[in-house]
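Structure at a glance
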Amino acid sequence: MKIKSIVPGLMIIFFLINHSYAQEPKMKTIFNGKNLKGWTVEPEDNMWWTVEDGKIAAENDPTKTGSILWTKKKFGDFVFQMDFLMGIGTVDSGIFLRSEKDQIQIGISGSLQRDMTGSPYIPGKSYPVEAEGVKDILQLKSWNTMKVKLVNQTYTVWINGEEVMTYTSENMPDKGPIGLQLHPNNEMSIQFKNIQVGKL
């Protein structure tokens, strides 16, 4: 085989390898494992979020007040990844993307009364699509890894390494914080660790 015929093929392979690496950002830890530095709580009087043994724990208070733990930094396009462990009660949590208008569900949907982990929740639209294959992937009593890739207004979700959902939103802000939710009117707990983000 002539060298001239090999070179174009090698160039294509080299391009594809470089392109695939370019799609994977350098991930940076945004939870230091010691305290909530770099995060802000809504409402401000924090009775719900604690840090212990390198994990963030969230649990409803007796009034069943809801709360959101937001990153202080705002992000445009990004990859977000963290581990979560569902605890006691009816777990209804999620990840907010740039605002409260786009959320990735973790646990039981209050409106549908079934597990919708990995599915997008949009106020006014409920769940426009449902994540696929989650029942066979999700570990209810063990740690799970969720990865979210957001580019422009399209986000893709992986659970424990398996792609489960892609959705393109509307009227999504170009930039905003990332939030972790503790749903109101519930008795529940959830833990998070290994929280990372990579800018695209």
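Summarised in this report is the structure supplied together with it. Everything quoted here is computed from the prediction, not taken from an experiment. (Residues numbered from 1 in each chain as written. Predicted model: local features only at pLDDT ≥ 70, side-chain atom pairs only at ≥ 80, totals over all residues. Heavy atoms only, no water.)

1. Focus on the overall build of the protein
- Within the protein one finds two helices and 14 strands.
- A sequence separation of at least 24 residues applies to 64% of the contacts in the protein between residues at least 6 apart. (Helix = DSSP H or I, 4+ residues; strand = E, 2+ residues; numbered from the N terminus. Contact = heavy atoms within 4.5 Å.)

2. Remarks on the pattern of salt bridges
- Scanning the model with the defined rule gives five salt bridges in all.
- Among the salt bridges present, the one from Glu24 reaches Lys147, with a minimum N-O distance of 3.8 Å. Within this pair, whereas Glu24 is found in the loop between helix 1 (3–22) and strand 1 (28–29), its partner Lys147 is found in strand 10 (residues 144–151), the two being separated by 123 residues in sequence. (Salt bridge = Lys/Arg side-chain N within 4 Å of Asp/Glu carboxyl O.)

3. Structural notes on the environment of Glu42
- Here Glu42 is to be found in strand 2 (residues 39–42).
- Through-space distance from the C-alpha of Glu42 to that of Ser67 is 5.6 Å; in sequence the pair is 25 residues apart.
- Excluding residues within four positions of it along the chain, Glu42 makes contact with Gly66, Ser67, Ile68, Trp70 and Glu100.

4. What about a positive patch on the surface?
- There is a patch of like positive charges on the surface, built from Lys28, Lys73, Lys74, Lys175 and Lys199.
- For Lys28, the position within the fold is in strand 1. (Patch = residues over 30% accessible without salt bridge, like charges linked within 9 Å, V, L, I, M, F, W, Y side chains within 5 Å. Areas by Shrake-Rupley, 256 points an atom, 1.4 Å probe, with all protein chains shown as cover. Lys, Arg positive; Asp, Glu negative; His and termini not counted. Charge placed at Lys NZ, Arg CZ, Asp CG, Glu CD.)

5. Quick notes on the sheet that holds strand 5 (residues 67–71)
- With antiparallel pairing, the six strands of this open sheet are ordered in space as 2-5-13-7-8-9. Edge positions in the sheet fall to strand 2 and strand 9 (120–121), since each of these pairs with one other strand and no more.
- When strand 2 meets strand 5, the two strands line up antiparallel, connected through four bridges. Paired with Thr40 across the strands is Trp70, a residue of strand 5. (Pairing = 2+ DSSP bridges.)

6. Observations regarding the packing of aromatic side chains
- The tally for this structure, following the rule as stated, stands at five aromatic pairs.
- The lysine or arginine in question, Lys193, covers the ring of Trp143, its NZ or CZ lying 4.3 Å from the ring centre. (Phe/Tyr/Trp six-rings, centres within 6.5 Å; stacked < 30°, edge-to-face > 60°. Lys NZ or Arg CZ within 6 Å of the ring centre and 35° of its normal.)

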